[in-house]
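Analysis of the macromolecular model
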Amino acid sequence: GRGANQVFNNLITHAGSLSTTQRAYGIFANDALIDLSTPFLLAHNTIVSAKTDGIRLYGSASYTHEIINNFIVDPGAEETYATDGIFATEPEDAYIYIGNGSQVQLDGNVFLSQISTADFVDTTAGNYQLQSTSPAVDSGVNITSPVISLDLIEAPRVSGSLPDAGAYEFQAIP
C-alpha cells in the first residue's frame, strides 16, 4: 500500500518454513521507495516461528512508525544473530529488526524464544489463542488511534486490565 498502512489482528505461523534458501519474515514493511502520507501501524499480531525475523521494518526517518502489542515467539534468526554478527548486532533484532534509520515507537510487545513458554491453547491443533497463564495476557498498552476494539475472532479486545499482546484476547469465563 501507499500510506496509512495498518496491519493488525493477524496470526502468522511458520513463515518461510518450506524454503531452504530464502529469508522469510512474519511481517516485512518498507516505505523507503514510496512517499507515505502516514506511518505504519503494526499492532496486535501473533507471529510464531518465522524463518528469520518476526517483524522487519525499513523506513524513512520522516515518520515515527508504531509497532505495538505484538506477540513474537521463536524467531528463526535469534541464534544466528547471536553468533554471526553479520545481519544484526543483537539477538533481539530477530524479533523486530529496524533498518535504514527508521524512527519507531515500540510498546507492549512480548518476545519469547520458546513456543512452550507462550502458553497457547493447542499449537498442534493450530489453536494459538491464549491461556490465562500466557505472558501476553494484560501485557499490552491501550491504543487510542485507531481504536482496535475486537481481536482476530471478534472477541472484545480488552477483557482484563489492559489489552493482551498478539492477535487474540484471553477471555476469562465468568
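Here's a quick rundown of the structure. Note that this is a predicted model, so its numbers are computed, not measured.

In this structure, R56 sits in strand β6 (residues 55-58). Residue R56 is classed as buried on the basis of its relative accessible area, which comes to 5%. Among all residues touching R56, those that are not within four sequence positions of it are Y25, I27, F28, A29, Y81 and Y97.

For the rest of this paragraph, the subject is the pattern of salt bridges. In this structure the tally under the stated criterion is 2 salt bridges. For R56, the salt bridge is made with D53, and the minimal N-O distance between the two is 2.6 Å. Here R56 matches D53 in class, with each residue buried. For E169, the salt bridge goes to R157, with nearest N and O atoms at 3.4 Å. You can see E169 sitting in the segment after β13 (127-130) and its partner R157 sitting in the segment after β13, a full 12 residues away along the chain. Given the relative accessible area of 2%, R157 is considered buried.

Our focus in this paragraph is the sheet that holds strand β7 (residues 64-68). The sheet built from 4 strands is open, its strands ordered β1-β4-β7-β10 with parallel pairing. Two strands in the sheet have a free side with no partner beyond their single neighbour: β1 (6-8) and β10 (103-107). Sheet twist, expressed as the mean angle between neighbouring strand axes with direction ignored, is 10 degrees. Pairing of strand β4 (residues 41-43) with β7, which is carried by 3 bridges, proceeds in the parallel orientation. Bridge pairing links A43 to I68 in β7.

A sheet is described by the order of its strands in space; here 4 strands give the open sequence β2-β5-β8-β11, paired in parallel fashion. The outermost strands of the open sheet, each flanked by one partner alone, are β2 (11-13) and β11 (110-112). Sheet twist, expressed as the average angle between the axes of neighbouring strands with direction ignored, equals 5 degrees. Relative to strand β5 (residues 46-48), β2 runs parallel, the two being bridged by 3 bridges. Bridge assignment links I12 to a residue of β5, and that residue is I47.

Among all residues except glycine, the phi angle is most often negative; among peptide bonds, the trans geometry is most common. The step from S145 to P146 runs through a cis peptide bond, and the omega angle for that step is -5 degrees. Mapped onto the elements of the fold, P146 is located in the segment after β13. Even without glycine at this site, H14 takes up a positive phi of about 55 degrees. Locating H14 in the fold gives a position in the loop between β2 and β3 (27-30). A positive phi is found at S49, a non-glycine position, where the angle reads about 55 degrees. Inspection of the secondary structure puts S49 in the loop between β5 and β6.

A few words on the environment of V137. Here V137 lies in the segment after β13. Considering only alpha carbons, one finds V137 and E169, 32 residues apart in sequence, at a separation of 7.4 Å. Beyond its immediate chain neighbours, meaning those up to four positions away, V137 contacts L130, Q131, S132, D164 and F170.

Once that is clear, we can look at the packing of aromatic side chains. A full pass over the atoms with the stated rule returns 6 aromatic pairs. On the basis of an interplanar angle of 25 degrees and a centroid distance of 5.6 Å, the ring pair of Y25 and F28 is categorised as stacked. Feature note: the residues Y25, F28, Y58 and Y97 constitute an aromatic cluster, connected by ring pairs. The ring of Y97 has R56 sitting right over it, with the charged end atom 3.9 Å from the ring centre.

Reading the values: the criteria
Residues numbered from 1 in each chain as written. Predicted model: local features only at pLDDT ≥ 70, side-chain atom pairs only at ≥ 80, totals over all residues. Heavy atoms only, no water. Helix = DSSP H or I, 4+ residues; strand = E, 2+ residues; numbered from the N terminus. Buried < 20%, exposed > 50% of the residue type's maximum accessible area, 1.4 Å probe, protein only. Contact = heavy atoms within 4.5 Å. Salt bridge = Lys/Arg side-chain N within 4 Å of Asp/Glu carboxyl O. Pairing = 2+ DSSP bridges. Axes fitted to C-alpha atoms, helices over the stretch in contact; angles between N-to-C directions. Phe/Tyr/Trp six-rings, centres within 6.5 Å; stacked < 30°, edge-to-face > 60°. Lys NZ or Arg CZ within 6 Å of the ring centre and 35° of its normal.

Everything listed here is a matter of coordinates, which is why it stays silent on function.
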